[in-house]
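Residue-level listing of the chains:
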Amino acid sequence: MKRRLVLLALATLALATSAATPAHAQKAAPRAAAPDRTEELDLAVGENKTIAAADVLNYSEGSPGVADVKLTTDGGQFVIVGLKAGSTTLLLIFRDGSHKNWVINVFARSPDQVEGELQQLLQGNVGVRLRRIGARFFVEGGVSTEADQKRFQHIASLYPGQVESLVQVGSLAQDRVFNIRIDFFFAQFNRDSGYDVGLGWPAQVGAAGTLTSQLTYDFVAHAVTTATATVTNQPLPFLDLAAHRGWAKVLRQATLITGNGNEAKFSNGGEQNFTVSNNLTANIRPIEFGVNLTVLPRFDRDTRDMEVKVVADVGDLTPAAAGTNLPGRNTAKLETIVHLKLGQSIVLSGISTRTQRHETTGIPILSDIPVLGVFFGSHTNEEADADGVIFIIPSVIDTLPPASSSLIEGVARAYDHFSGDLEATRPYPRTPPVLDDPAGH
């Protein structure tokens, strides 16, 4: 009985002792270590920025000399000062055992200032964009010429370590998701007129060869068989009375469809061969005519600006001049880069010429007398007028309204019903699409 009482007393004392033990005296469960954190800090040379230093037990700087790291007197903040362009790290060790790693990038120029300058330098360049990733900038897009590509590379070189140029000649894949239609219209008008009136007089009289003769004598028959005599360069006038008047017009339309930023070439025409004699040989000389076009369109979806590089060569045959069977050729050549808004049309080139020639031949002094001079000379007057213009209308093709089968059926139907009337034949839409709101509102 006594033994049971002693055991019960000991058990009661043990329970009381356990209840009286404070909670913080019990052994705590092992705590999981906090994961390391990494953050990035960008600043320019000479720029100051602060980092919170609360609960930091210790810190370590990676590459000294890039940035100056100082702790404030109250130990509450780190002051980071950029010294030279480069990168370094700052490791912070907190009292609870966690770590935090700062990646410090020091640039020669402030990123915000660099971004503002790049926006100004890239303004007005179609198809070129500026992208910022952290404190670095990337100039990307496509241009029409290698000179433009080198220009953007030079701009990037002004900001070493901060700006990189990804600009290439041609187009990027993201820009080739839609097609560009380019319509060219070539119109040319010609008018010419002239007259010859008066009396034509020989330029000289009594020169060598004025009198020529030929005599054939038969010595067997002792007789002259043939005898001819010719008198040339006589001062006898001839009547010069002629007039001519005419006009000509040429209208050409060329339509090209190509991917945005892709160069397209179009050639339509031919050549006509002529025989050219030179001494004892004869050669074939071809004369080309028609239209040769090379275009490179570039459209910016954000600004709705369009840049078109155009190289055009247009040539048409003209009637042969007097005294020869070889025709002439009217040509118009153009090489330019134009900027315009979507839906706008522009005159690429225009020319208007007027030519007048007057010539008088006849007896000196007498042919210059007003009115009476027509009896002593011949008056020639030539006038020619020409007007030519080239229009360009670019447009973006988002979707083709008719299906492919409808296009083919329309061309086949026009082919079956064609009987010589080109005006009634429309194998494709001749009129370029027009936007209701070119500004894109």
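Scroll up to find the structure.
Participant: How would you summarise the pairing of strand S4 (residues 67-71) if you had to cite specific residues and measurements?
Facilitator: Pairing geometry for S4 and strand S5 (residues 77-82), over five bridges, is antiparallel. Looking at S5, one finds that Leu71 is bridged to Phe78. Where S4 folds back on S5, the antiparallel hairpin that results is connected by five residues, among which Gly75 adopts a positive phi of roughly 70°.

Participant: So, helix H2 (residues 111-122): which residues are in play, and what are the values?
Facilitator: Over its twelve residues, H2 runs 16 Å from end to end, which matches the ideal 16 Å to within 8%, given 1.5 Å per residue. When we look at burial in H2, the residues that qualify are Pro111, Val114, Leu118 and Leu122. Along the long axis of H2, the arc covered by the buried residues comes to 60°, so they all point the same way. Every exposed residue of H2 that faces more than 90 degrees away from the buried side is listed here: Asp112 and Gln120. Buried residues belonging to H2 abut strand S7 (99-107), strand S8 (128-133), strand S9 (136-143), helix H3 (146-157) and strand S10 (163-169). Gly124, located one to two residues past H2, shows a positive phi value of around 90°.

Participant: Can you tell me about the pattern of salt bridges, naming the residues and giving the values?
Facilitator: One pass over the full model with this rule turns up ten salt bridges. In this structure, the salt-bridge partner of Asp112 is Arg132, at a minimum N-O distance of 3.2 Å. Residue Asp112 is located in helix H2, and its partner Arg132 is located in strand S8; the two are separated by 20 residues in the primary sequence. Owing to a relative accessible area of 36%, Arg132 belongs among the partly exposed residues under this scheme. For Glu164, the salt bridge identified is with Arg136, shortest N-O distance 3.3 Å. Of this pair, Glu164 sits in strand S10 while Arg136 sits in strand S9; the two residues are 28 residues apart in sequence, bridging distant segments of the chain. A relative accessible area of 37% means that Arg136 is categorised as partly exposed. Through salt bridges that share partners, Asp112, Glu115 and Arg132 make up one connected network.

Participant: Let's hear about the packing of aromatic side chains: which residues, and what values?
Facilitator: Counted according to the given criterion, the structure contains one aromatic pair. Relative to Phe78, the ring of Tyr59 has its centre 4.8 Å away and its plane inclined at 75°; by these criteria the two rings are edge-to-face. With Tyr59 in strand S3 (residues 56-61) and Phe78 in strand S5, this pair connects stretches of sequence that are 19 residues apart. Relative accessible area serves as the criterion here: at 35%, Tyr59 is assigned to the partly exposed category. A relative accessible area of 1% means that Phe78 is categorised as buried. One residue, Arg151, lies across the ring of Phe152, its end atom 5.2 Å from the ring centre.

Cut-off values and rules
Residues numbered from 1 in each chain as written. Predicted model: local features only at pLDDT ≥ 70, side-chain atom pairs only at ≥ 80, totals over all residues. Heavy atoms only, no water. Pairing = 2+ DSSP bridges. Helix = DSSP H or I, 4+ residues; strand = E, 2+ residues; numbered from the N terminus. Expected span 1.5 Å × (residues − 1). Buried < 20%, exposed > 50% of the residue type's maximum accessible area, 1.4 Å probe, protein only. Arc of directions from axis to C-beta. Contact = heavy atoms within 4.5 Å. Salt bridge = Lys/Arg side-chain N within 4 Å of Asp/Glu carboxyl O. Phe/Tyr/Trp six-rings, centres within 6.5 Å; stacked < 30°, edge-to-face > 60°. Lys NZ or Arg CZ within 6 Å of the ring centre and 35° of its normal.

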